[in-house]
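# A structural walkthrough
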Amino acid sequence: MKLRPLHDRVIVKRLDTETKTASGIVIHDTAAEKPDQGEVVAVGPGKRNDKGDFMAPNVKAGDRVLFGKYSGQTVKVEGDELLVMREEDLFAVVEKK
């Protein structure tokens, strides 16, 4: 199954968090917080402005993004846990140097 987001929605896959601290302590899965970073999997066509034209989204598939801890709606697709959220729920794009 493939998801195609509508309007200004994006589909994000959370990035895995570290399960070990810098000092070597292992963090159990149930104690670890959900990551607030992810990779954009798919992007909708964008929002319509007052004239009815689409405004292109600022993110694209493959971008690494930051989002709020409780942002988006969680869905499971073929065993993968994905988030569906509006583009405005994203805080930033993490750019590589």
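All figures in this text were calculated on a predicted structure; none of them were measured in a lab.

Quick look at the overall build of the chain now. Secondary structure summary: the chain contains 0 helices and 8 strands in total. Listing the helices and strands of the chain from first to last along the sequence gives β-β-β-β-β-β-β-β. Taken across its 97 residues, the chain has 25% of its residues classed as buried. For the chain, long-range pairs separated by at least 24 residues make up 62% of all intrachain contacts whose partners lie at least 6 apart in sequence. Accessible area for the chain stands at about 7,400 Å²; split by element, carbon and sulfur atoms hold 50% of it.

Our next topic: the confidence of the model for the chain. Averaged over all residues, the pLDDT of the chain is 84; the fraction at 70 or higher stands at 81%. Here strand E4 (residues 54-55) is the element of the chain with the lowest mean pLDDT, 86, and strand E5 (residues 64-67) is the one with the highest, 94.

By size, the foremost hydrophobic cluster in this structure holds 9 residues: Val10, Val12, Val40, Val59, Val65, Phe67, Leu83, Met85 and Leu90. Among the secondary structure elements, those contributing two or more residues to this core are strand E1 (9-14), E5 and strand E7 (80-86). Ignoring anything within four residues of it in the chain, the contact list for Val10 reads Ala42, Val43, Val59, Leu83, Val84, Met85 and Leu90.

It is worth spelling out the side chain of Glu87 at this point. Structurally, the position occupied by Glu87 is in the loop between E7 and strand E8 (90-94). Buried within the structure, Glu87 lacks any salt-bridge partner; its nearest side chain of opposite charge belongs to Lys47, at an N-O separation of 8.1 Å. Contacts of Glu87, omitting those with residues within four sequence positions, involve Asp8, Pro57, Asn58 and Val59.

One open sheet accounts for 6 strands, arranged E6-E7-E1-E2-E5-E8; its pairing is antiparallel. Where the open sheet ends on each side, the last strands, each with one partner, are strand E6 (73-77) and E8. Each strand axis lies, on average, 40° off the axis of its neighbour in the sheet, ignoring direction.

Parameters at a glance
- Residues numbered from 1 in each chain as written.
- Predicted model: local features only at pLDDT ≥ 70, side-chain atom pairs only at ≥ 80, totals over all residues.
- Heavy atoms only, no water.
- Helix = DSSP H or I, 4+ residues; strand = E, 2+ residues; numbered from the N terminus.
- Buried < 20%, exposed > 50% of the residue type's maximum accessible area, 1.4 Å probe, protein only.
- Contact = heavy atoms within 4.5 Å.
- Areas by Shrake-Rupley, 256 points an atom, 1.4 Å probe, with all protein chains shown as cover.
- pLDDT = per-residue confidence, 0-100.
- Core = buried A, V, L, I, M, F, W, Y, C linked by side-chain atoms within 4.5 Å.
- Lys, Arg positive; Asp, Glu negative; His and termini not counted.
- Salt bridge = Lys/Arg side-chain N within 4 Å of Asp/Glu carboxyl O.
- Pairing = 2+ DSSP bridges.
- Axes fitted to C-alpha atoms, helices over the stretch in contact; angles between N-to-C directions.

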